[in-house]
Each structure stands twice: as structure tokens, then as C-alpha cells.
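Close look at the chain arrangement
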Amino acid sequence: MSAVAAPTRSPVLGPAALNKPRKRWTRFILPTYTILMIVYLASPIFVMILYGFNNVPFDRQTAKFWGLTLDWWKNVFNVPGLYPAFKNSLKIAPISAAISTAVGALFGLALGRYRFRGLTTIDFVIFLAIAVPEIVLGSSLLSMFVLAGVPLGFTTIILSHIGFSVAFVAVTVRARVQGLDRNLEDAAQDLFASPVSAFFKVTLPLIAPAILAGFLLAFVLSLDDFVITNFVAGPRTTFPLWVYGAQRIGVPPQVNVMGTLLFAAGILAAVASVLAQSRRRRA
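Let me begin by describing the structure that accompanies this report. (Residues numbered from 1 in each chain as written. Predicted model: local features only at pLDDT ≥ 70, side-chain atom pairs only at ≥ 80, totals over all residues. Heavy atoms only, no water.)

The topology assignment puts tryptophan 66 in the loop between helix H2 (29-51) and helix H3 (71-74). Here the alpha-carbon distance between tryptophan 66 and leucine 221, two residues 155 residues apart in the chain, equals 34 Å. Non-local contacts of tryptophan 66, meaning those with residues more than four positions away in its chain, are made with Asn54, Asn55, Val56 and Pro57. Of the polar contacts made by the side chain of tryptophan 66, one reaches the backbone oxygen of lysine 64; its length is 3.4 Å. (Helix = DSSP H or I, 4+ residues; strand = E, 2+ residues; numbered from the N terminus. Contact = heavy atoms within 4.5 Å. Polar contact = N/O pair within 3.5 Å; in protein donor to acceptor, adjacent residues only side chain to side chain.)

So this is what it looks like as C-alpha cells:
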């Protein structure tokens, strides 16, 4: 009598095996795209830093890399006109940024806290100040200064930089104010704090990161502006204007050194801001 073989059963898959995600090649798309975008955005900065050490045999930059040297770092201000132009930019940027921050912070505080007639129109004006092409704004400012009889120079540059920086500061501070908890101020006043005291001890520390961010943004916008400054500078020369004039006959390697120093200063300022905010949150 022959034995009958028992039927084989396939193993039963549990819920963990059924729900196990399959590895797909598409999961590499987003990380690869992110890395490529970072490389694309950072590559000009890396090239600028590298060519600040280029041992070019003459005083104008070329595409060929000749080797490493520190000569351009040692003689960074030996190019005629570079130091006065850079000094003018360092004078203009902090002044315009400080005034823009003071005006824009109060403007953003009012827009973020209160509702009043004409708010929609003000929002539209702020949007125009940010979105309008710089060449249009520069030509308009030039016409205004000429009609008002204001001589072009240091003052007109500062006024122009304040004009386009206030909107950026106001938008930054307004976004922070709209996210504040008004109950904190009410609690301070319930503890017998005056409105002024509640503002300086509660509201101002809470919006301080946005004010600092607005100041840094206004400072950078003023430092690297070319189009509007070219219209209203008159006989004054700033660092971007000098670089534009120098590139017609060849940019000196010291320009890359100055750009590297500005980039390093921006990184240090950003790191200091992040550390200050982190310390404030822990406190």
C-alpha cells in the first residue's frame, strides 16, 4: 500500500512581513536632488575662495589656476581704489541697516498687532517695495533726488538703501509678531506691569530674534547692492561699483579675498545669531 504524501503548505506571512516596505530606487531622487542643488549654489563661493589663493603671475585674475599663494591676502589693500570703495560700503551698510531696522521694526509691530483702515493698501505697497525691479526703483529715486535738488553722494545712497530695506525688515518683524502669544503680555499686566514695562520685558525679548534677522538682512542688502546704488551714487564709489568697473580690464585677485572675508563675516554673524537664540530658549 503506497503512502500518500501530505500536501505542502506555503508559510503564512505575518502582518510585519506583509507591511514591510520595499526598497525602491526612487527614494534616492530627493536626497540626490538636494545634494546637487547645494553643490550648484555653493560652487561659486568655493571657486571665489579657491581663486583668492591663486598664484597668478600678474595682477589680474585668469581662469587658469597657477598654484597656491598667500600674497593676495598679505597685500589685499594694495590695489588703488579698492580700500576707499570697501570703506564706503562699510560706512553705508551699518547706518542704513540701523535706521531701516528701527523704522521697519516699529512698522512691522504695528502691522502685526493692529487692524486699521488702509491695511490692505499698506500691504500692497510693501509688496511693491519688495517686488518692483531695482532698475525701476533706482531710476525713480534718481528722478526724485534731481527734482528735489539733493546732490548725489553719501546721503542719497543711505536714503535709497533705507527705502528698499525697510520693507524687508517690516515683513520679518511682522511675521514674528503675528506668532506671539498675547496672553504673555496680559499676564505681565495682571502682575502690575505697565504697558511700557510689559513691552520692554516681554514683547521686545520675544521679537528680538526677528529684529536681529531684519538688521542682518538690511546690512547684507545694503552691502551688495549695485543697481540702485549705481543710479544715486554720484561721485561716490562702493565696493560693488568698484568691482564692476574693475572687471572691464580684469578683476584683481584681491577681490576674491575681500569676498571671502565678507562671506566669513556673514557665516560668523549667522552662527552667533543661532547661538544667541539657542541660549535664550534654554534660559
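Moving on from the model shown.
Okay, the side chain of serine 96 next. You can see serine 96 is positioned in helix H4 (residues 82-113). A polar contact of 3.1 Å, which involves the side chain of serine 96, links it to the side chain of serine 222.

Moving on, we get to the environment of alanine 105. Structurally, the position occupied by alanine 105 is in helix H4. Note on alanine 105: relative accessible area 11%, which makes it buried. In the structure, alanine 105 is positioned 63 residues away from alanine 42 in sequence and 31 Å away in space, judged by C-alpha atoms. (Buried < 20%, exposed > 50% of the residue type's maximum accessible area, 1.4 Å probe, protein only.)

Listed in full, the buried residues belonging to helix H11 (residues 239-246) are Phe239, Pro240, Leu241, Trp242 and Ala246. The elements touched by buried residues of H11 are H4, helix H9 (195-223), helix H10 (227-232) and helix H12 (254-282).

A separate point is the packing of aromatic side chains. Scanning the model with the defined rule gives six aromatic pairs in all. Between phenylalanine 226 and tyrosine 244 the ring centres are 4.9 Å apart and the planes differ by 50°, which places this aromatic pair in the tilted class. Note that phenylalanine 226 is positioned in the loop between H9 and H10 and tyrosine 244 in helix H11, a separation of 18 residues in sequence. With a relative accessible area of 41%, tyrosine 244 lands in the partly exposed category. (Phe/Tyr/Trp six-rings, centres within 6.5 Å; stacked < 30°, edge-to-face > 60°.)

Glancing now at the side chain of threonine 260. With respect to the helices and strands, the residue threonine 260 is situated in helix H12. When its relative accessible area of 10% is taken as the criterion, threonine 260 is described as buried. In this structure the side chain of threonine 260 is engaged in a polar contact, spanning 2.7 Å, whose partner is the backbone oxygen of asparagine 256. Excluding anything up to four places from it in sequence, threonine 260 contacts Met48, Ile49 and Trp73.

Now for a nonpolar patch on the surface. On the surface, a cluster of nonpolar side chains totalling about 600 Å² of accessible area is made up of Leu30, Tyr33, Met37, Tyr40 and Leu41. Mapping leucine 30 onto the fold places it in helix H2. (Patch = residues over 30% accessible without salt bridge, like charges linked within 9 Å, V, L, I, M, F, W, Y side chains within 5 Å. Areas by Shrake-Rupley, 256 points an atom, 1.4 Å probe, with all protein chains shown as cover. Salt bridge = Lys/Arg side-chain N within 4 Å of Asp/Glu carboxyl O.)

The next subject is the packing of H9 against H12. Across the interface, H9 lies against H12 with an axial gap of 11 Å and an inter-helix angle of 175°. Put simply, H9 runs roughly antiparallel to H12. On H12, the residues that touch Pro205, Pro209, Leu212, Leu216 and Leu223 of H9 are Leu262, Ala269, Ser273, Gln277 and Arg280. (Axes fitted to C-alpha atoms, helices over the stretch in contact; angles between N-to-C directions. Parallel < 35°, antiparallel > 145°, perpendicular 65-115°, else oblique.)

Taken together, the side chains of Arg279, Arg280, Arg281 and Arg282 present a region of like positive charge at the surface. Relative to the elements of secondary structure, arginine 282 occurs in helix H12. (Lys, Arg positive; Asp, Glu negative; His and termini not counted. Charge placed at Lys NZ, Arg CZ, Asp CG, Glu CD.)

Turning to the nonpolar core, a few remarks are in order. Across soluble globular proteins, nonpolar side chains show a tendency to be buried alongside one another. Of all hydrophobic cores here, the largest spans 13 residues; its most connected members are Leu82, Phe239, Trp242 and Met258. Broken down by secondary-structure element, the contributors of at least two residues to this core are H4, H11 and H12. Once residues lying within four places of it in the same chain are set aside, the contact partners of leucine 82 are Val76, Phe239, Trp242, Gln254 and Met258. The next biggest cluster of nonpolar side chains, apart from the first, holds 12 residues, and it includes Ile92, Leu141, Ile157 and Leu241. (Core = buried A, V, L, I, M, F, W, Y, C linked by side-chain atoms within 4.5 Å.)

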